[in-house]
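A look at the structure
These are the residues of each chain, in order.
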Amino acid sequence: MGRMETRPPYALLLDVDGPIASPVSRTVQPEIISLLLELGAAGIPVVFNTGRSDTFIARQVMAPMMAAGMPDGLQLHAICEKGATWFSFTAAGAGPVHVDHDLAVPGDFANDIRELVAADYSEYMFFDETKRAMVSVEQHVEVANVAYREVQEHFDADAMAAMSRRGLGAVRLDHHVPGNDDSVDFRIDPTIISTDIESVRLGKDLGASRACELLRRDGIVPQAWFTMGDSRTDYAMADWLHHNDHPVKHVDVRPEDGVPEKPYEILTAGYLELGAEVIHDDAGLAFLREWRNALLGAR
């Protein structure tokens, strides 16, 4: 007998750094945890779509949810490393972590970057040992962001050179350096607090595709989607959903990079009549509160 299909009014597909976790403290406000649990318990599917590792999500999102009292029967999904890894979790904890090894950076190159950070950049950043497919470095919390951003371009250039020495093709923004076979298989992707080195096949669009697969496996077909992010690359999840005929609205919690023209509605803090200074997880919190209040009534 087939599983009965459920059609919630919408699902949430959420970037983590920025809209959910503070890019300054890297932690999640307790009210955000509470609102996510309320929405999930009310039948709204919640899927995280992040460049972060499964370890980060388990520590900073899952553990606080479990501590706050996750309802039995509630399941959330986390698509990590821009689609290379994914897992689901309930009140009982995390399920198995799935890894697409075809999308992993070669291990010997990861060692090159580990050694590069230790030799030249350890004052500003650390090598993220929790990544399973990507290679990432991240700003130390105690380092001023302006200082980190000043050395980030130098690190990225050194990482690009390390890839060339191994015959690997890479792209950083508009700069392409093909590999020995004239291909560009890897991307060096700088963010405001980190640099990710990853397969060019990874991205928030792959995460959106995996999100639909995970929900469909459970017989859940949302009537619409809200996506949320803090950078231009996060629009790719809404792009993928729109191109695959899913109604979607995208929330940009840091629109200072400019809001692009898109065929779907884009919401910023101004939509909630909040000032332009309300960004990142403060804006994420405001939208979660708005959705909870619309669904369950203000409390």
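Our structure's up above, just so we're on the same page.
Heads up: these notes are all about the structure in this document. No experiment lies behind these values; they were computed from the predicted model shown. Residue indices follow the written sequence of each chain, beginning from 1 at its first position. Since the coordinates come from a predicted model, pLDDT governs what is reported: local features require at least 70, and pairs of side-chain atoms require 80 or more to be given and counted, while whole-chain, interface and lining totals use all residues. Each side-chain value is worked out from all heavy atoms of the structure, with water and hydrogens disregarded.

1. Focus: the packing of aromatic side chains
Note on aromatic contacts: the rings of Phe and Tyr and the six-membered ring of Trp form a pair at centre separations within 6.5 Å, being stacked when their planes are under 30 degrees apart, edge-to-face when over 60 apart, and tilted otherwise. All told, the structure shown has seven aromatic pairs when counted by the stated rule. Three or more aromatic residues joined by ring pairs form one cluster here, namely Tyr10, Phe226, Tyr271, Phe287 and Trp291. Put simply, a charge is over a ring when the Lys NZ or the Arg CZ is close to the ring centre, within 6 Å, and near the line of the ring normal, within 35 degrees. Seen from the ring of Phe56, Arg52 lies directly overhead, with NZ or CZ sitting 3.9 Å from the centre.

2. Thoughts on the nonpolar core
Residues grouped as a nonpolar core are buried Ala, Val, Leu, Ile, Met, Phe, Trp, Tyr and Cys residues, joined through side-chain atoms within 4.5 Å. Partly exposed describes any residue whose relative accessible area lies between the buried limit of under 20% and the exposed limit of over 50%, with all areas from a 1.4 Å probe on protein chains only and scaled to the type maximum. Core analysis: the biggest nonpolar cluster contains 42 residues, and Leu12, Leu36, Phe48, Met65, Leu288 and Trp291 have the highest contact counts within it. Pairs of residues are marked as contacts when any of their non-hydrogen atoms sit within 4.5 Å. Look past the residues within four positions of Met65 in its chain and what remains in contact with it is Ile33, Leu36, Leu37, Phe48, Met70, Leu76 and Phe89. By size, the runner-up hydrophobic cluster in this structure holds 24 residues, among which are Ala110, Ile113, Met125 and Val137.

3. A word on the layout of surface pockets
Cavities and pockets were defined on a 1 Å grid built from protein atoms only: a cavity is a group of points that admits a 1.4 Å probe but offers it no way out, a pocket is an open group of points flanked by protein on both sides within 12 Å along at least five of seven lines, and a lining residue is one with an atom within 4 Å of any such point. Grid points are joined across faces, edges and corners, and a volume is the space filled by probe spheres set on the points. There is about 880 Å³ of room inside the largest pocket. Asp189, Pro190, Thr191, Ser231 and Thr233 are, among the 41 residues lining the largest pocket, the residues nearest its centre. Elements represented by at least two residues in the lining of the largest pocket include exactly β8 (135-139), α4 (145-165), β9 (170-172), β11 (186-190), β12 (194-199) and α5 (204-217). Secondary structure elements follow DSSP: runs of H or I of four or more residues count as helices, runs of E of two or more count as strands, with numbering from the N terminus. When residues of the lining of the largest pocket are assigned to their parent elements, the largest contribution, four residues, is made by β11. Of the residues belonging to the lining of the largest pocket, the class tally is eleven nonpolar, nine polar and 21 charged. Classification used: nonpolar for Ala, Val, Leu, Ile, Met, Phe, Trp, Tyr, Cys and Pro, charged for Asp, Glu, Lys and Arg, polar for all others including Gly.

4. Some remarks on the sheet that holds strand β10 (residues 175-177)
The strand order across the open sheet built from six strands is β7-β8-β12-β11-β9-β10, with neighbouring strands paired in mixed fashion. Lying at the two open borders of the sheet, with one neighbouring strand each, are β7 (125-127) and β10. Across the sheet, the mean angle from the axis of one strand to that of its neighbour is 15°, orientation sign disregarded. Paired strands, in this sense, are two strands between which DSSP finds at least two bridges. Where β8 lies against β12, four bridges are found, and the strand directions are antiparallel. Within the sheet, the bridge partner assigned to Val137 lies in β12 and is Thr195. Axis definition: a line fitted to C-alpha atoms, over the contacting stretch in the case of helices. Angles run 0 to 180 degrees between N-to-C directions. The sheet strands contacting helix α3 (residues 107-121) are β7, β8 and β12, and the helix crosses β7 at an angle near 150°.

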